[in-house]
Amino acid sequence: MSRSGLLIETTRHLHCTVVRAAGVLDHAGRERFSSCVDIVWNWSVGPVLVFDLADLDFYDASIIGVLGMVMQRMEEEGGSGRIILVRPSAHLLTVLRLTGLLPHVELRDSVAETLTELALHPSEHPPGHPSEHPPGHPSEHPSGHPSEHPSGHPAEHSSEHPSGQRTVPDERPGAAGRATG
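Just so you know, the residues in each chain are numbered from 1, in the order the chain's sequence is written. For a predicted model such as this one, the threshold for reporting local features is a pLDDT of at least 70, and the threshold for listing and counting side-chain atom pairs is 80 or more; totals across whole chains, interfaces and linings nevertheless cover every residue. Hydrogens are left out, water is left out, and the side-chain values use all remaining heavy atoms of the structure.

## Regarding the overall build of the protein
Moving on, step 1. Looking only at helices and strands, the protein features four helices and eight strands.
Moving on, step 2. Looking at the protein as a whole, 43% of its 181 residues are labelled buried.
Moving on, step 3. Pairs of residues are marked as contacts when any of their non-hydrogen atoms sit within 4.5 Å. Counting only contacts in the protein whose residues sit at least 6 apart along the sequence, the fraction spanning at least 24 positions is 63%.
Moving on, step 4. For the area figures, the Shrake-Rupley method with a 1.4 Å probe applies, and any residue is considered shielded solely by the protein chains shown. Here the protein has roughly 9200 Å² of accessible surface; of this, 54% comes from carbon and sulfur atoms. Where helices and strands are cited, they refer to DSSP runs of H or I of at least four residues and of E of at least two residues respectively, numbered from the N terminus. Think of it in three bands: with a 1.4 Å probe and only protein chains considered, a residue is buried below 20% of the maximum accessible area for its type, exposed above 50%, and partly exposed in between.

The following block contains the structure:
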């Protein structure tokens, strides 16, 4: 993990971008997390951002600040984007409800469920949006590999290493990825 104890992984899929955070998301990590969202903003139409925050050990109000910033930016750009939260904690749901942000997000049980849904219905918001799915029941990805799109096509993936470097796909045949600073 990085200096602030925050690991951020991003995966670019055909219809969305998955942003996974693990560790500690506090004031020190907020800028990095916001920068990550800025970098992946145009990776999908809308954009459709899927936040998997289930592996956060600790978060403070910074998470609400980042999600609020994302919501505001989506509204300013025409409101066609989607924010999907995967397995949010009961505490995060309560905070989203108290701050009035809950109606602006969709909830899902797993990244795999979300990828499958978006592959089948990429431009549709689910009935009863925001989703009425309660968090907590993960399912297996159809391909058995979380970095693949349900169609079987590889997804673009990057992650931030403890050194602060990011690994992104290398376009050369046979190359696994390249680190960037």
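## A short note on the pattern of salt bridges
Moving on, step 1. When a carboxyl oxygen of Asp or Glu is within 4 Å of a side-chain nitrogen of Lys or Arg, the pair counts as a salt bridge. In this structure the tally under the stated criterion is nine salt bridges.
Moving on, step 2. The shortest N-O distance in the salt bridge between Glu9 and Arg20 comes to 3.3 Å. Of the two residues, Glu9 sits in strand S1 (residues 6-12) while Arg20 sits in strand S2 (residues 17-25), which places them 11 residues apart along the sequence.
Moving on, step 3. In this structure, the salt-bridge partner of Arg82 is Glu106, at a minimum N-O distance of 2.7 Å. Here Arg82 is found in strand S4 (residues 82-86), whereas its partner Glu106 is found in strand S5 (residues 106-108), with 24 residues between them in sequence.
Moving on, step 4. Several salt bridges converge on common partners, so that one network encompasses Arg82, Glu106, Arg108 and Glu117.

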